[in-house]
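Secondary and tertiary structure notes
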Amino acid sequence: MSQIIHPLLLCGGSGTRLWPLSRKSYPKQFAQLTGEDSLFQASAERLSGPGFAAPLVITGSDFRFIVIEQLAAKSTAASATLIEPEGRNTAPAILAAALVLEAREAGALMLVAPSDHVIPDSTRFRDAVQAAAETAASGQLVTFGIKPDRAETGYGWLELSQSPEADFAPVAQPLKSFVEKPDAAKAETLLAGGQHLWNAGIFLFATDALIAAFEAHAPEMLAQARAAVDAAEEDLSFTRLDPEAWSQMEDISIDYAVMEKADNLSVVPYGGAWSDLGGWDAVWMESGPDDNGVVLSGPATSIECENTLLRAEDSSQQLVGIGLEDVIAVAMPDAVLVAHKDRAQDVKKAVSALKEKGAAQAEILPRDFRPWGWFESLVVGDRFQVKRIHVHSGAALSLQSHHHRAEHWIVVEGTAKVTVDDEVKLVSENQSVYIPLGAVHRMENPGKVPMVLIEVQTGSYLGEDDIIRYEDVYARGQGAKG
């Protein structure tokens, strides 16, 4: 009987190259970029089924409830969700997950996969993973190499010991070397030679083999990771890795930390379609341009455009392109990107420029996702703010109060159960309630459908950190998000 494979979904990163849709507050893996599912949901579904265990997930604290919600929407759940105190690149994240899984099942096979890739042929990819299982179980550290279709300078490459089979059958062979991201001339040489594949950052290994590799090549990091795992705290269904031990670990990729130093490396070629959606040009390509090379998403209209992506994210918008060629235009309610398609990789420069200006749009979406639902600011003025608040069925906000603002709630969909100090009452559609400054209050959705209300805040300070929590079913503690 074949050994069960345990997927590890890496859910860090800020996705700045897909700004303004992907931002630090809601990175690209959680967005719907090429279909009805998010990239994270598609990754979880792809790595499921016979031969695969429920996934492990490692993510940041702000995204922990998004992970649960998006998995639940696909009728699944993680076997463990690890919370990294801060992003430290892939080596610490993968090692911590390996230690957790090893403690549960010694020598378990762990498949490491970024959660923001597009792999259309799920069956073919699962078959490639299963084909690598025996090699990984024997103690080899297996990486998956993607069949290149262009001289790409944005990826690292993998040098093979021998040419892959003509049909790119997933047959493991020794990995000769890693190749850093090449310049254009070298990339052309690598492509023409037929002995190199793209490095997708997808790995399969037995947990004890990976831990042994760290013991040999990065023993200090191994000790720090053990400390972070041993001192981890359980928080609802999450495991919070110890911040102090975590902060001492080097910010380094798994390639640099151990893979390039190890001598037990194998590579399995993968000949199917793959993309890391590393820029809007990749989204344009994966979205299937029409005969004129045009991709439209949302309320967008093209008039005599060629090789252009027009994407509008709000139903109240109308994005129109006229006579455009090789252009990317992405419209959000609070920000618009217009760029030449050849400059897609430079979008991250826009994020840096906006951060220098102190613009909130650099990192924060207008819609703020919380475990109970989401809210968005509709109007912000001097001493007032108007929000739309969406509360999931059965969900509840924390019992809280504010030092600096009063609130007026108007229910527009569903029914709210409202607590104001000692009074609890139901507020139906077209009814409203006033929350005086300093009052202890909470809203809940007792119904079977989402509840939507309009909130009008008035006061001297309207920041999200003006919250004192007294009770919270999500155990978030104090602070804007807890």
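Under the annotation held in an unreviewed UniProt entry, the protein carries the name mannose-1-phosphate guanylyltransferase and is attributed to Shimia marina. Here the protein is described in UniProt, under the heading Catalytic activity (unreviewed entry), as follows: "alpha-D-mannose 1-phosphate + GTP + H(+) = GDP-alpha-D-mannose + diphosphate". Its UniProt record gives the protein the following Sequence similarities (unreviewed entry) comment, quoted word for word: "Belongs to the mannose-6-phosphate isomerase type 2 family."

Between helix 6 (residues 207-217) and helix 7 (residues 219-230), the least distance of the axes is 5 Å, while the angle of their chain directions is 125°. Between helix 6 and helix 7, the crossing angle belongs to the class labelled oblique. Together, Ile211, Phe214, Glu215, Ala216 and His217 of helix 6 and Pro219, Met221, Leu222 and Arg226 of helix 7 make up the contact between the two elements.

What follows covers the packing of helix 3 (residues 90-104) against helix 7. Two numbers describe how helix 3 lies on helix 7: the axes approach to 9 Å, and their chain directions differ by 60°. The pairing of helix 3 with helix 7 is recorded here as oblique in orientation. At the point where helix 3 passes helix 7, the crossing takes the right-handed sense. Only Met221, Leu222, Ala225, Arg226 and Val229 of helix 7 make contact with helix 3, whose side of the interface consists of Ala91, Pro92, Leu95, Ala96, Leu99 and Val100. Tallied by class, the residues present in the contact of helix 3 with helix 7 amount to 10 nonpolar, no polar and one charged.

The next thing to look at is the UniProt feature "domain: Nucleotidyl transferase" (unreviewed entry) in the protein. Following the UniProt record, the feature "domain: Nucleotidyl transferase" (unreviewed entry) maps to residues 7-285 here. In residues 7-285, the share of helix is 35% and the share of strand is 22%. The end C-alpha atoms are 27 Å apart.

Spanning 16 residues, helix 4 (residues 122-137) covers 22 Å between terminal C-alpha atoms, matching the ideal 22 Å at 1.5 Å per step. The largest bend along helix 4 measures about 25° and falls at Ala131. Elements that come into contact with the buried residues of helix 4 comprise strand 1 (5-11), helix 1 (39-46), strand 4 (109-114), strand 5 (141-146), strand 8 (196-206) and strand 11 (265-270). Positive phi shows up at Gly139, right after helix 4, with a value of about 110°.

Moving on to the sheet that holds strand 27 (residues 451-459). Here six strands make up an open sheet; going across it, the order is 18-19-20-27-22-25 and the pairing antiparallel. Each having just a single partner strand, strand 18 (367-370) and strand 25 (432-435) make up the two edges of the open sheet. For this sheet the average axis-to-axis angle between neighbouring strands, irrespective of direction, equals 20°.

What counts, and at which threshold
- Residues numbered from 1 in each chain as written.
- Predicted model: local features only at pLDDT ≥ 70, side-chain atom pairs only at ≥ 80, totals over all residues.
- Heavy atoms only, no water.
- UniProt positions renumbered as here; feature names shortened; annotations may be inferred.
- Axes fitted to C-alpha atoms, helices over the stretch in contact; angles between N-to-C directions.
- Helix = DSSP H or I, 4+ residues; strand = E, 2+ residues; numbered from the N terminus.
- Parallel < 35°, antiparallel > 145°, perpendicular 65-115°, else oblique.
- Contact = heavy atoms within 4.5 Å.
- Left-handed = near helix turned anticlockwise from the far one by under 90°.
- Nonpolar A, V, L, I, M, F, W, Y, C, P; charged D, E, K, R; others polar.
- Expected span 1.5 Å × (residues − 1).
- Bend = angle between axes of the 7 residues up to and from the residue.
- Pairing = 2+ DSSP bridges.

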